[in-house]
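# Close look at the chain arrangement
The primary structure of each chain is shown beneath.
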Amino acid sequence: MKKLINDPADVVSEALLGMAAAHPDRLRVDHDHKIVYRAAGPREGKVGLVSGGGSGHEPMHGGFVGTGMLDAACAGEVFTSPVPDQMMAATKAVDGGAGVLHIVKNYTGDVMNFEMAAELAAADAGTEVKSVVTDDDVAVQDSLYTAGRRGVGVTVLLEKIVGAAAEEGRSLQECADLATQVNRAGRSMGMALTSCTVPSAGRPTFDLAEDEMEIGIGIHGEPGRERKPLAPAKDIAAMLVEPVLSDLGLSRGDGVIAFVNGMGGTPLIELYLMYHEVSQLLEGAGVSVARSLVGNYITSLEMAGCSVTLLRADDETVRLWDAPVNTPGLRWGA
Amino acid sequence: MADLQSFQGWMADYAEVVKEQADYLTDLDRAIGDADHGINMARGTVKVAALAEAEDFASSEAYLKKVGMTLVSTVGGASGPLYGTFFLRLAGPLAGVADAGVEEVGAALRAGVDGILARGKAELEDKTMYDAWAPALDAYATATADGADLRGALEAAAAASARGRDDTLDLVARKGRASYLGERSRGHIDPGATSTTLLLESAARTLA
Ligand SMILES: Nc1ncnc2c1ncn2[C@@H]1O[C@H](COP(=O)(O)OP(=O)(O)OP(=O)(O)O)[C@@H](O)[C@H]1O
Ligand SMILES: [Mg+2]
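Let me begin by describing the structure that accompanies this report. No experiment lies behind these values; they were computed from the predicted model shown.

## Things to note about unusual backbone geometry
What you tend to see is this: most non-glycine residues have negative phi, and most peptide bonds are trans. All names here are of chain A. Following Glu58, the chain continues into Pro59 via a peptide bond in cis, with omega recorded as 10°. Looking at where Pro59 falls in the secondary structure, it is placed in the loop between strand E3 (48-55) and strand E4 (72-78). With an omega dihedral of -5°, the bond running from Met60 to His61 counts as a cis peptide bond. With respect to the helices and strands, His61 occurs in the loop between E3 and E4. Of note, the phi angle at Lys34 is positive, near 55°, even though the residue is not glycine. Within the secondary structure layout, Lys34 lies in the loop between strand E1 (27-30) and strand E2 (35-38). For Leu301, which is not glycine, the phi dihedral falls at a positive 50°.

Next comes the structure, spelled out in structure tokens:
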């Protein structure tokens, strides 16, 4: 294992020290609970947005804390969900009197820990909590008898869009409804060229030969649904875009936010090359791109690869997308 | 009979076992999950083992509740809420019981496993820890009906649990992270079922 670390056990806490040191103007970090807050604290009357999950997906979620996006992010160990104590502390701290929305990615661990936190918070103080669970990964079959689809790329877009709505003063119910609607309107599909190494495990989560790739990968180095021989970017783009288009039921004339996300170990030059392929495919399908996002936003440590997320976007969605945001991970108009 | 001291002995023993087996549990999770089960469990059981020295507990019930809360607060992942809920519920039937016999421990185990079901909504053959718990409860009940004492019942439960764990090998996962693999989850033993069998084997060594 070759990593810029001191001790595998201290990776998360030392990275949080770095975030606090790098962004003192924007962020405040509770190091005991491993929670990233806005430096300014809760705003009276604004719905608080709390998210969180395992670490190793940076900038998600801590890098999305700030004006126009999240109020707090709970950091778990690498690839392991945070614990209810963290969500409870964050929920209490960001409640500006209008309630708190939990944004949870659909993984058994995350869902159960957030659920326990909501139960404990309700029994404890009077904070009103609603949650939305993102599940946009088309690689996973959704059925009553499985853990359901994973929450991936749409989570980033949702945190931005609902963050803007909360900033405008919408109620908890309105924010929760919008979040549900955004989740339903988006789908993703990812692929990996390499595995990744969880620092405390010390070796790669799976082995992938030089000439192989995994299609349908998640964001935790978990193997995907099928292993295939490596193919040109054009073909890979089709493998990612087609299932998303058909699952979303997009047709000619529809507009989308198109998001090509890097898994952490793929250079931007390749992501732009992929974006070109994706945009060609969308053009061919008659789908127009209202807005785009290209870069490393929801990563899987140093995994090489990418994911494609498409979000059906009406004028209102685009307006909220364009609203000012000022976080370490996403910043415009502010 | 199991009293506060035996429950504390159970947790001390289990923490040792998890420490020894942590890499193995993580390797199992590497095959069908995200390579963290042993790490998660070790993080929690170390904290649990330290409880007995840090604090005086008035009863088995109070102690086991604290064990549950400690696991919930430290383990994370899916196994944190599942094992945490197990111990929180396990404590219930032991309220007011200083020396738990085979009946009381049986009732407590059933309550604990009901908690796992309520939290995780797993069914038999979903390839989860429940596949190691369900046969254990059955074997425990049968042994009790046949007149076994606490040790005998726990030994029967541990042995049945081991068979349940081994039977997860051929199952396709329908819950938890492993379910994302579909057919590819077949041919691997479930990590949570493995840590469950270790917990029951440890109980059979320490609770009676
Ligand atoms: N719904 C469920 N019901 C019962 N047991 C479950 C369920 N989901 C997962 N498990 C058990 O949890 C074990 C995995 O625990 P682990 O500590 O690795 O958490 P995890 O799934 O990796 O969590 P996270 O996704 O947050 O990392 C599985 O082997 C399985 O036995
Ligand atoms: Mg795991």
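There's plenty left to go through after this.
## Structural notes on the pattern of salt bridges
Note that side chains of opposite charge can pair when their charged atoms are close. A full pass over the atoms with the stated rule returns 30 salt bridges over all chains. Glu167(A) is paired through a salt bridge with Arg43(A); the nearest N and O atoms lie 2.8 Å apart. With Glu167(A) in helix H4 (residues 154-167) and Arg43(A) in the loop between E2 and E3, the pair connects residues that are 124 residues apart, well separated along the chain. In this structure Glu167(A) comes out as buried when scored by relative accessible area, which is 19%. Between Arg165(B) and Asp166(B) there is a salt bridge whose closest N-O contact spans 3.0 Å.

## Points about the layout of surface pockets
One simple way to see leftover space: roll a probe sized like a water molecule over the atoms. Taken as a whole, the largest pocket holds about 920 Å³ of empty space. Taken together, 44 residues make up the lining of the largest pocket; nearest its centre are Thr108(A), Gly109(A), Met112(A), Ala78(B) and Gly176(B). Elements supplying a minimum of two residues to the lining of the largest pocket: helix H3 (108-124) of chain A together with helix H1 (4-32), helix H2 (37-54), helix H4 (79-91), helix H5 (102-120) and helix H8 (191-206) of chain B. Sort the elements by how many residues they give to the lining of the largest pocket and H3(A) lands first, with six residues. Here the second largest pocket defines a volume of roughly 540 Å³. Lining the second largest pocket are 26 residues, and of these Val11(A), Ala15(A), Gly56(A), Glu58(A) and Leu301(A) sit closest to its centre. Sorting the residues of the lining of the second largest pocket by element identifies helix H1 (11-22), E3 and E4 of chain A as the ones contributing at least two each. Broken down by element, the lining of the second largest pocket gets its largest block of residues, five residues, from H1(A). Class assignment for the residues of the lining of the second largest pocket results in 16 nonpolar, seven polar and three charged. Residue contributions to the lining of the second largest pocket reach at least three from each of two domains, namely domain 1 (9-183) and domain 2 (186-325 + 328-332) of chain A.

## Notes on the nonpolar core
Within soluble globular proteins, side chains that are nonpolar tend to cluster in buried spots. Of all hydrophobic cores here, the largest spans 65 residues; its most connected members are Leu49(A), Phe64(A), Leu101(A), Leu158(A), Ile161(A) and Val162(A). Elements with a minimum of two residues in this core: H1, E1, E4, strand E5 (100-105), H4, helix H5 (172-184), strand E10 (255-262) and helix H8 (315-322) of chain A. The element that contributes the greatest number of residues to this core is H4(A), accounting for nine residues. Two domains each donate at least three residues to this core, and these are domain 1 (9-183) and domain 2 (186-325 + 328-332) of chain A. For Leu158(A), the contacting residues outside a window of four places in its chain are Ile103(A), Val132(A), Thr134(A), Gly163(A), Ala179(A), Val182(A) and Asn183(A). Judged by nonpolar contacts, the second largest core, of 54 residues, contains Leu90(B), Val105(B), Ile116(B) and Tyr140(B).

Rules used in this analysis
- Residues numbered from 1 in each chain as written.
- Chains lettered and ligands numbered in written order.
- Predicted model: local features only at pLDDT ≥ 70, side-chain atom pairs only at ≥ 80, totals over all residues.
- Heavy atoms only, no water.
- Helix = DSSP H or I, 4+ residues; strand = E, 2+ residues; numbered from the N terminus.
- Salt bridge = Lys/Arg side-chain N within 4 Å of Asp/Glu carboxyl O.
- Buried < 20%, exposed > 50% of the residue type's maximum accessible area, 1.4 Å probe, protein only.
- 1 Å grid on protein atoms, 1.4 Å probe; cavity = no way out; pocket = protein on both sides within 12 Å on 5 of 7 lines; lining within 4 Å.
- Points joined across faces, edges and corners; volume = space filled by probe spheres on them.
- Nonpolar A, V, L, I, M, F, W, Y, C, P; charged D, E, K, R; others polar.
- Domains from an automatic or database assignment.
- Core = buried A, V, L, I, M, F, W, Y, C linked by side-chain atoms within 4.5 Å.
- Contact = heavy atoms within 4.5 Å.

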